[in-house]
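# Coordinate inspection notes
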Amino acid sequence: MRPDLRAARRRWRSLAVLAAVALSALGIAASLYSFHALVTRFYVTKENLVFVSTRAEVELARYSSSLLGMVAARGASAEALAEAELRFDIFLSRLELFRGGFVAEALFEGQEERALLARIETIEQALDPRAVQDWSPEGMRALERRISGVALLMQEISLIALRRELRSEKELLRVLDTSVAASGAFFAMGTLALLFFLRARSRALRNAERARAAAEAADRAKGDFLAKMSHEIRTPLNAVIGLTNLLGGTALATQQRQFVETMEAAGSQLLQVVNDVLDFSRLQAGRVEIAAAPIELRGFVDRLLLVIGGLPGASRLAISSSIAPDLPARILGDDARLMQVLSNLLANAVKFTREGEVRLDVSAERGPDGGEVLRFAVSDTGPGIPEEMRDEIFEPFRQAGAERLRPHEGTGLGLSISRGLARLMGGDVVLAPASGRGACFVTMIPLRAAATQDDARVAAPVASRSGPLAILVAEDTPTNQLVIRLMLEGLGHRVRIAANGVEAVEAFVAEACDLVLLDIQMPLMDGFEAARRIRGSGARGRAVPILALSAFTQPSDRDEATRCGIDGFLSKPVRQKNIAEALSRFAGEAPRAA
């Protein structure tokens, strides 16, 4: 069954279950309401009928008692007669309740019962003390006999009231049984529906958990695949670019040097394509991590322009920068990611500008949310961005005006990657209106000044030392062993090669060295474990600088390297000048290669 049909079925099933539960609740509520109404009616009926009939009997007895008093006194005094008239009037008021309303409807349903009421009405006049002409003892005894006959009628009415009560109780019990049965049925139906719903929900949660676990496994597999691809691609590229770099440092004929420079440019272009594809894949997979560390702003901009100044075509352009004087000297940010974003924008500006200038302006402004943002504006005097392409240039695999204006190679991922990284840093990359000819791309990130105490944590420079270094290199690939050996020996150092982590640890224990270069992925023992073993070998192991030389570039790899005691990280492919700079920083050796 198709996923959309399964989802529709699940939705309708859930709605049906919820409807069943709701109807069950309504049914139970209706049953309880009906039962409550019936109970209320029963007690109202019981109290009214019994009360009215009983009170009528009581008042008739009081009237009869007043007459008996006159019989005993052998005459009707004015006071006794007034008392008898009062009692008779009260008795009549009780009889009025039998003639209409709820009591009359409940008591006198049948014809025989209504006949009782008619009989009472016929003798009312005969009981009226105001109509009595003979107040002799014999006349009063005759009145008493008439009262006794009425009393028998009132007793019959009381019996009718009791029968009505018994009938109401039976009806109440019957309705109670029905209500209990209905409520039980509704409750059972609602319980079954609720259990079904909970079971379906539990199944849905299990399915969602399995889907989440599968997605996480797929994400881990994708991340592992990206790391593997990075390693597998960068390893041969290290040999290609490294050997080309070394070959360019030898004595070559003019044509040979052109060949080498073309090879090096092609290798760099291939490396850029690989970097773009891997970075784009990491962004899509959500596996790019952003770190925050102090950045010396002026030094950062100088390093950035130094890199851009070495690009092909940069020599024909005027490349400049400006930093607003009110900016802090040091900011917090991700140095590597910010460098990647801005170098990409500047490299595009250089690539697409044939003459004129490329400029980087750094300033601060208020962001849309009112916070202060750091603004890096990269402007050029190139052909600019066609108006119809301004909304599409940040889409992956697109190049603005590539058909007409910019016949350059590339993946079309640079701007998409730059925007993705900037947004991960809490900012954005936008195309701003250019003041004249060309294009202007603006990168904005939150402006956070580095705390003052961070200045105290800047490492003191290592004292420069003279003479060659003894360097232990752990590298399993023969071509890369050759490349790194030639680069280090070209810098005047002594090199010892180990083919895996086990050999590296054994070589370090057997012979002292000034610095260790460890590949990360090696057979038998990887570079992380080798670093841990070296650090744990004693005082010499804790003091020696250890650098990772790896094709892995994930932030998690760098974090793991730090935990293992590795001091620095050199990513493949590596050039001789990068190695020289690392040696100068970590081993106190002045750079010997340009």
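Notes on the structure in this doc start here.

About the cut-offs
- Residues numbered from 1 in each chain as written.
- Predicted model: local features only at pLDDT ≥ 70, side-chain atom pairs only at ≥ 80, totals over all residues.
- Heavy atoms only, no water.
- Helix = DSSP H or I, 4+ residues; strand = E, 2+ residues; numbered from the N terminus.
- Contact = heavy atoms within 4.5 Å.
- Pairing = 2+ DSSP bridges.
- Axes fitted to C-alpha atoms, helices over the stretch in contact; angles between N-to-C directions.
- Expected span 1.5 Å × (residues − 1).
- Buried < 20%, exposed > 50% of the residue type's maximum accessible area, 1.4 Å probe, protein only.
- Polar contact = N/O pair within 3.5 Å; in protein donor to acceptor, adjacent residues only side chain to side chain.
- Core = buried A, V, L, I, M, F, W, Y, C linked by side-chain atoms within 4.5 Å.
- Parallel < 35°, antiparallel > 145°, perpendicular 65-115°, else oblique.
- Left-handed = near helix turned anticlockwise from the far one by under 90°.
- Nonpolar A, V, L, I, M, F, W, Y, C, P; charged D, E, K, R; others polar.

In this section: the environment of Ser-550. Along the polypeptide, Ser-550 turns up in strand β11 (residues 546-550). Remark: the alpha-carbon pair of Ser-550 and Ser-571, spanning 21 residues in sequence, is separated by 5.3 Å. Ser-550 has contacts with Asp-519, Ile-520, Phe-569, Leu-570, Ser-571 and Lys-572, leaving out every residue within four places of it along the chain.

Moving on, we get to the sheet that holds strand β6 (residues 428-432). On the basis of which strands lie adjacent, the open sheet formed by five strands has the order β2-β4-β5-β7-β6 and mixed pairing. Each edge of the sheet is formed by a strand with only one pairing partner; in this case those strands are β2 (318-323) and β6. Taking each pair of neighbouring strands and ignoring which way they run, the sheet shows an average axis angle of 20 degrees. Here β6 pairs with strand β7 (residues 440-446) via five bridges, running antiparallel. Among the inter-strand pairings, Val-430 is bridged to a residue of β7, identified as Val-442. Docked against the sheet, helix α8 (residues 335-351) engages β2, β4 (357-366), β5 (372-380), β6 and β7, running at close to 25 degrees with respect to β5. Sheet contacts for helix α9 (residues 414-424): β6 and β7; angle to β6, the most-contacted strand, approximately 130 degrees.

Let us now look at α8. Helix length check: α8, at 17 residues, gives a terminal C-alpha distance of 23 Å against a target of 24 Å (1.5 Å per residue), a fit within 8%. The buried fraction of α8 is high, at 12 of 17 residues. Measuring from the side-chain oxygen of the N-cap residue of α8 to the backbone nitrogen of Arg-337 gives 3.1 Å; that N-cap residue is Asp-334.

Okay, the environment of Phe-300 next. Secondary-structure assignment places Phe-300 in helix α7 (residues 297-309). For the pair Phe-300 and Met-339, spaced 39 residues apart in sequence, the C-alpha to C-alpha distance is 8.0 Å. If sequence neighbours within four positions are ignored, Phe-300 has contacts with Ile-295, Asp-335, Leu-338, Met-339 and Leu-342.

Moving on to the nonpolar core. By size, the foremost hydrophobic cluster in this structure holds 43 residues, and its most contacted members are Leu-374, Phe-376 and Phe-441. The set of elements that each furnish at least two residues to this core consists of α7, α8, β4, β5, α9, β6 and β7. Core analysis: the next-biggest nonpolar cluster, separate from the first, contains 25 residues, Ala-470, Ala-507, Met-525 and Ile-546 among them.

By secondary structure assignment, the location of Asp-519 is in the loop between β10 (515-518) and α12 (527-535). Apart from residues lying up to four places away in sequence, Asp-519 is in contact with Ala-474, Glu-475, Asp-476, Gly-527, Leu-549, Ser-550 and Lys-572.

Further remarks concern unusual backbone geometry. Not every positive phi belongs to a glycine, and Leu-524 is a case in point at roughly 70 degrees. Mapping Leu-524 onto the fold places it in the loop between β10 and α12. The exposure class of Leu-524 is exposed, given its relative accessible area of 75%.

The subject of this paragraph is the sheet that holds β10. A sheet is described by the order of its strands in space; here five strands give the open sequence β9-β8-β10-β11-β12, paired in parallel fashion. Looking at the sheet topology across the chains shown, the edges are occupied by β9 (494-498) and β12 (568-571). Across the sheet, the mean angle from the axis of one strand to that of its neighbour is 20 degrees, orientation sign disregarded. Where strand β8 (residues 470-474) lies against β9, five bridges are found, and the strand directions are parallel.

Next up on the list: the pairing of β10. Looking along a regular strand, one sees side chains alternate from face to face of the sheet. Neither face of β10 is open: one carries Leu-515 and Leu-517, the other Val-516 and Leu-518, and all of them are buried. Sheet analysis places β8 next to β10, joined by four bridges and oriented parallel. Paired with Leu-472 across the strands is Val-516, a residue of β10.

Our focus in this paragraph is the packing of helix α10 (residues 478-490) against helix α15 (residues 576-586). The geometry of a pair of packed helices is captured by two quantities: the angle between their axes and the separation between those axes. Taken N-terminus to C-terminus, the directions of α10 and α15 make an angle of 60 degrees; their axes are 10 Å apart at the nearest point. As judged from the angle between their axes, α10 and α15 are oblique. Where α10 crosses over α15, the handedness of that crossing is right-handed. For the pair α10 and α15, contact is made by Ile-484, Leu-486, Met-487, Leu-488 and Gly-490 and by Gln-576, Ile-579 and Leu-583, respectively. Residue composition of the contact of α10 with α15, by class: six nonpolar, two polar and no charged.

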